[in-house]
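Below are the chains, spelled out letter by letter.
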Amino acid sequence: MKPANLPPPPFVEDFDTAESLAGWECAGDVAISTEKPFNGPAALRLTRTLDDVNSPAQSLSPLFTACPGIWDISGAGKSSLYSPDTSYLGQVTIEFMDQTGQLVEKRPVTEFTGENAWRLFRKQIEAPAGTATARLKLSLEKTYGTFCVDELKASFLGAAAEERLIVRIITEPSRFSGMFFPDETPSFKISVFTSKSLVPRDQSITAVVSDYWGAENAPEAVVPLAAAGAEDKLF
């Protein structure tokens, strides 16, 4: 049995052999490519054509042991993608799961749009309370073309400096697409998940509605928050 004070080992994948994808869950055209990798003999490549743009193109790593605290995610990527805007992209995401395998939280690590030669990426991300395992997801979102990833690594750095009060904020538009007609009044539901109950003076949030380009469509507003009770140790 692993001592309780021993940090989880790093997850490392260099994609150097055909066996590198053993244990990965792949959908679409996912392959180990020897064509100009970042380092070593090969890299992972996701490919999707215009004809298949509505079909999944992704690869999920095997689950690895994780715990709450700060994680360092790094690697290298390159892309040749159709990207009329930044929502058409290749993406690396980390997903944190609890002991039952249920998703606790997912966080973006890096995004690639358009044409990019190999470049390094690195990001420190806090795994939330309740994290027991994690996995990395490489995917194409809305776009077609190729997205390559190499030298992927996730390492535990240590405990977070202090308890995080605001765990996450979710904004949901009343219209599923989030695209409103000119004669409609945009409305949103804002859910704030916290590690402990908020005192009355903190039970509000300041919000502003903007368009895709960042131009404000409405003045800044202070929105009151209503307590909804605790669920899964979150308020």
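Each remark here, short or long, concerns the structure printed above.
All of the points below concern the structure found in this document.

**Considering the overall build of the protein**
Turning to step 1, where the next piece is worked out: Of the regular secondary structure elements, the protein holds 0 helices and 16 strands.
Turning to step 2, where the next piece is worked out: Principal-axis analysis of the C-alpha atoms places the extent of the protein at approximately 60 × 55 × 25 Å.
Turning to step 3, where the next piece is worked out: Burial analysis of the protein (235 residues in total) assigns 34% to the buried set.
Turning to step 4, where the next piece is worked out: Intrachain contacts of the protein at a sequence separation of at least 6 include 69% that bridge at least 24 residues.
Turning to step 5, where the next piece is worked out: Counting every atom, the protein has about 14200 Å² of accessible surface; 53% of that belongs to carbon and sulfur.
Turning to step 6, where the next piece is worked out: In the protein, 21 positive and 31 negative side-chain charges are present, and the distance between their average locations comes to 4 Å.

**Here's the deal with the nonpolar core**
Turning to step 1, where the next piece is worked out: Within the largest apolar cluster, 29 residues are counted, with the highest numbers of intra-cluster contacts made by Ile94 and Leu138.
Turning to step 2, where the next piece is worked out: Sequence-distant contacts of isoleucine 94, defined by excluding residues within four places in its chain, comprise Phe64, Ile73, Glu105, Lys106, Arg107, Val109, Ile125, Ala134, Arg135 and Leu136.

**Things to note about the pattern of salt bridges**
Turning to step 1, where the next piece is worked out: Following the criterion strictly, the structure yields 3 salt bridges and no others.
Turning to step 2, where the next piece is worked out: Salt-bridge contacts for arginine 107 lead to glutamate 105; the nearest nitrogen and oxygen are separated by 3.6 Å.
Turning to step 3, where the next piece is worked out: Judged by its relative accessible area of 25%, arginine 107 falls in the partly exposed class.
Turning to step 4, where the next piece is worked out: Look at glutamate 105 and you get buried, because its relative accessible area is 7%.

**Focus: unusual backbone geometry**
Comment: phi is negative for the bulk of residues other than glycine, and the bulk of peptide bonds are trans.
Turning to step 1, where the next piece is worked out: The backbone phi angle of phenylalanine 15 is positive, close to 55°, even though this residue is not glycine.
Turning to step 2, where the next piece is worked out: Relative to the helices and strands, phenylalanine 15 is located in the loop between strand S1 (11-13) and strand S2 (25-27).
Turning to step 3, where the next piece is worked out: One non-glycine residue with positive phi stands out, namely lysine 142, at about 70°.
Turning to step 4, where the next piece is worked out: Relative to the assigned elements, lysine 142 resides in the loop between strand S11 (133-141) and strand S12 (145-158).

**Focus: the environment of proline 9**
Turning to step 1, where the next piece is worked out: Take proline 9: it is sitting in the segment before S1.
Turning to step 2, where the next piece is worked out: Under the relative-accessibility criterion, proline 9 is labelled exposed at 51%.

**Brief notes about the environment of cysteine 67**
Turning to step 1, where the next piece is worked out: Relative to the helices and strands, cysteine 67 is located in the loop between strand S6 (64-65) and strand S7 (69-81).
Turning to step 2, where the next piece is worked out: For cysteine 67 and alanine 127, which are 60 residues apart along the polypeptide, the C-alpha to C-alpha distance reads 6.8 Å.
Turning to step 3, where the next piece is worked out: Residues within four places of cysteine 67 in sequence aside, it is in contact with Pro8, Ala127, Thr131 and Phe156.

**Section: the pairing of strand S8 (residues 89-97)**
On a regular strand, one side chain projects to one face of the sheet and the next to the other, so that they alternate.
Turning to step 1, where the next piece is worked out: The buried fraction of S8 is high, at 9 of 9 residues.
Turning to step 2, where the next piece is worked out: Where burial is concerned, the two faces of S8 agree: the one with Leu89, Gln91, Thr93, Glu95 and Met97 and the one with Gly90, Val92, Ile94 and Phe96 are both buried.
Turning to step 3, where the next piece is worked out: As judged from the 9 bridges shared by S8 and S11, these two strands associate in the antiparallel manner. By the bridge assignment, glutamate 95 is partnered in S11 with arginine 135.

**Topic: the packing of aromatic side chains**
Turning to step 1, where the next piece is worked out: For the structure on display, the rule yields 10 aromatic pairs.
Turning to step 2, where the next piece is worked out: Consider the rings of phenylalanine 64 and tryptophan 71, whose centres lie 6.0 Å apart with planes at 55°: the pair is tilted. The two residues phenylalanine 64 and tryptophan 71 agree in class, both being buried.
Turning to step 3, where the next piece is worked out: Through pairs of rings, three or more aromatic residues link up here, namely Phe11, Phe15, Trp24, Phe64, Trp71 and Phe156.
Turning to step 4, where the next piece is worked out: Above the ring of phenylalanine 112, the side-chain terminus of arginine 119 is found at 3.8 Å from the ring centroid.

**Details of the side chain of aspartate 150**
Turning to step 1, where the next piece is worked out: Mapped onto the elements, aspartate 150 comes out in strand S12.
Turning to step 2, where the next piece is worked out: Buried charge without a partner: aspartate 150 forms no salt bridge, and the closest opposite charge is lysine 78, 9.0 Å away.
Turning to step 3, where the next piece is worked out: Non-local contacts of aspartate 150, meaning those with residues more than four positions away in its chain, are made with Asp14, Phe15, Pro37, Phe38, Asn39, Ala42, Ala43, Gly75, Ala76 and Trp118.

Reading the values: the criteria
Residues numbered from 1 in each chain as written. Predicted model: local features only at pLDDT ≥ 70, side-chain atom pairs only at ≥ 80, totals over all residues. Heavy atoms only, no water. Helix = DSSP H or I, 4+ residues; strand = E, 2+ residues; numbered from the N terminus. Buried < 20%, exposed > 50% of the residue type's maximum accessible area, 1.4 Å probe, protein only. Contact = heavy atoms within 4.5 Å. Areas by Shrake-Rupley, 256 points an atom, 1.4 Å probe, with all protein chains shown as cover. Lys, Arg positive; Asp, Glu negative; His and termini not counted. Charge placed at Lys NZ, Arg CZ, Asp CG, Glu CD. Core = buried A, V, L, I, M, F, W, Y, C linked by side-chain atoms within 4.5 Å. Salt bridge = Lys/Arg side-chain N within 4 Å of Asp/Glu carboxyl O. Pairing = 2+ DSSP bridges. Phe/Tyr/Trp six-rings, centres within 6.5 Å; stacked < 30°, edge-to-face > 60°. Lys NZ or Arg CZ within 6 Å of the ring centre and 35° of its normal.

Geometric values such as these leave the question of function open.
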